[in-house]
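# Inside the fold
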Amino acid sequence: MLEFITELAESAGKESLEYFGKITENDIEGKATSKDLVSIADKAIENLIITKITERFPDHDIFGEETGHAGKNSPYCWVIDPIDGTQSFVKFHPYYSISIALYKDGKPFAGAVNAPALNRMFTACSGRGAFLNGKPIQVSGCTILEEAACATGFARLRENKVEPVLEKFNRILPRLRDIKRCGSAALDLAMTAAGVFDGYWEEGLQLYDVAAGAIIAREAGAVVCDYNGKENFPADGIIAGTPAIARALLAELNGK
């Protein structure tokens, strides 16, 4: 199954590069808010992924960012974000990704996050570890927040809910060695899995933003939880990181 998911992500990545750097204003639409975008590439890539899945597994459920949920009461459900980081994509910035996850009986089973413009393919399958371009990866050994390089995002700002997000951000930022904001939650989680980041947090996301990245992060040894230290992510926010950094972020986000 992981081989098929990897092939899907590779095909989608190649398709994305056909559009990358060629998107014009006429190829972009707004979503529910004027700050959220969808391009013709998002739609084309999701259609490509869904077509390949339905050809191979016609009875499986599919939940895509652009097309919504197609339910057939299958124990398997594919969760797809065709381009996570559309803002980056349309601005010819390489930090975007294709995120594909497979859930079995409501639990994450396997996933791939492909960053084609960066030539990085992250994959994982439950109980089998996580990989970057076929080589095993694991989280960093960072244990001290003051020595941590963390990533975050501002999805909630698209809903104009500024104050709570900035309050948390301003509390955490002075504690860190470095902070990154690149615009793809799936890739931020995958980079945390690979030890590029020591931790990550964000709120205001949807399942398709984090499904594959969370599987990869956990298989690489990361703690992944919501802002209450539980499993209700991303609805209640999401935290990922080395065990020590995830605990520290959880405490800071709760003002402790």
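Residues numbered from 1 in each chain as written. Predicted model: local features only at pLDDT ≥ 70, side-chain atom pairs only at ≥ 80, totals over all residues. Heavy atoms only, no water.

### Quick look at unusual backbone geometry
In this model, Phe-233 is joined to Pro-234 through a cis peptide bond whose omega is 5°. Within the fold, Pro-234 resides in the loop between strand E14 (223-225) and strand E15 (238-241). Of note, the phi angle at Phe-92 is positive, near 60°, even though the residue is not glycine. Residues other than glycine seldom take positive phi values, yet Asp-105 does so here, at roughly 55°. Of note, Asp-105 is situated in the loop between strand E6 (97-104) and strand E7 (107-115). Residue classification places Asp-105 among the exposed residues on the basis of a relative accessible area of 58%. (Helix = DSSP H or I, 4+ residues; strand = E, 2+ residues; numbered from the N terminus. Buried < 20%, exposed > 50% of the residue type's maximum accessible area, 1.4 Å probe, protein only.)

### Some thoughts on the state of the cysteines
Summed over the entire model, instances satisfying the criterion amount to 0 disulfides. Here Cys-77 is not cross-linked by a disulfide; its sulfur's nearest cysteine counterpart is in Cys-125, at 16 Å. With no disulfide of its own, Cys-182 lies closest to Cys-150 among cysteine sulfurs, the gap being 13 Å. Classification of Cys-182 by relative accessible area gives partly exposed; the value is 22%. (Disulfide = S-S within 2.5 Å.)

### Some thoughts on the packing of helix H1 (residues 2-19) against helix H2 (residues 40-56)
Put simply, H1 and H2 touch, their axes get as near as 10 Å, and they point 155° apart. Judged on the interaxial angle alone, H2 and H1 are roughly antiparallel. The two elements H1 and H2 meet at a crossing, and its hand is right-handed. Contact residues: H1 offers Phe-4, Leu-8, Ser-11, Ala-12, Glu-15, Ser-16 and Tyr-19, while H2 offers Ile-40, Ala-41, Ala-44, Ile-45, Leu-48, Ile-49, Lys-52, Ile-53 and Arg-56. (Axes fitted to C-alpha atoms, helices over the stretch in contact; angles between N-to-C directions. Parallel < 35°, antiparallel > 145°, perpendicular 65-115°, else oblique. Left-handed = near helix turned anticlockwise from the far one by under 90°. Contact = heavy atoms within 4.5 Å.)

### Looking at the pattern of salt bridges
Applying the stated criterion to the full structure yields 6 salt bridges. Here Glu-146 ties to Arg-175 by a salt bridge, and the two come within 2.7 Å at their closest N and O atoms. Residue Glu-146 is located in the loop between strand E10 (135-137) and strand E11 (149-152), and its partner Arg-175 is located in the loop between helix H4 (162-172) and strand E12 (178-180); the two are separated by 29 residues in the primary sequence. Glu-231 is paired through a salt bridge with Arg-218; the nearest N and O atoms lie 2.7 Å apart. With Glu-231 in the loop between E14 and E15 and Arg-218 in helix H6 (residues 207-219), the pair connects residues that are 13 residues apart, well separated along the chain. Its relative accessible area of 34% is what places Arg-218 among the partly exposed residues. Connected via shared salt-bridge partners are Glu-146, Arg-175 and Glu-252. (Salt bridge = Lys/Arg side-chain N within 4 Å of Asp/Glu carboxyl O.)

### Considering the sheet that holds E7
Pairing in this open sheet of 8 strands is mixed, and the strands run E4-E3-E5-E6-E7-E8-E9-E10 from one edge to the other. The sheet is open, and its two borders are formed by strand E4 (68-70) and E10, each paired with just one other strand. Each strand axis lies, on average, 20° off the axis of its neighbour in the sheet, ignoring direction. Here strand E3 (residues 61-64) runs beside strand E5 (residues 76-84); their pairing, made up of 4 bridges, is parallel. Residue pairing in the sheet places Gly-64 in a bridge with Ile-80 of E5. Those strands touched by H1 are E5, E6, E7 and strand E8 (120-125), and its axis lies near 30° from that of E7. Lying over the sheet, H6 contacts E3, E5, E6, E7, E8, strand E9 (130-132) and E10, oriented at roughly 100° with respect to E7. (Pairing = 2+ DSSP bridges.)

No statement about biological role is implied by the geometric values presented.
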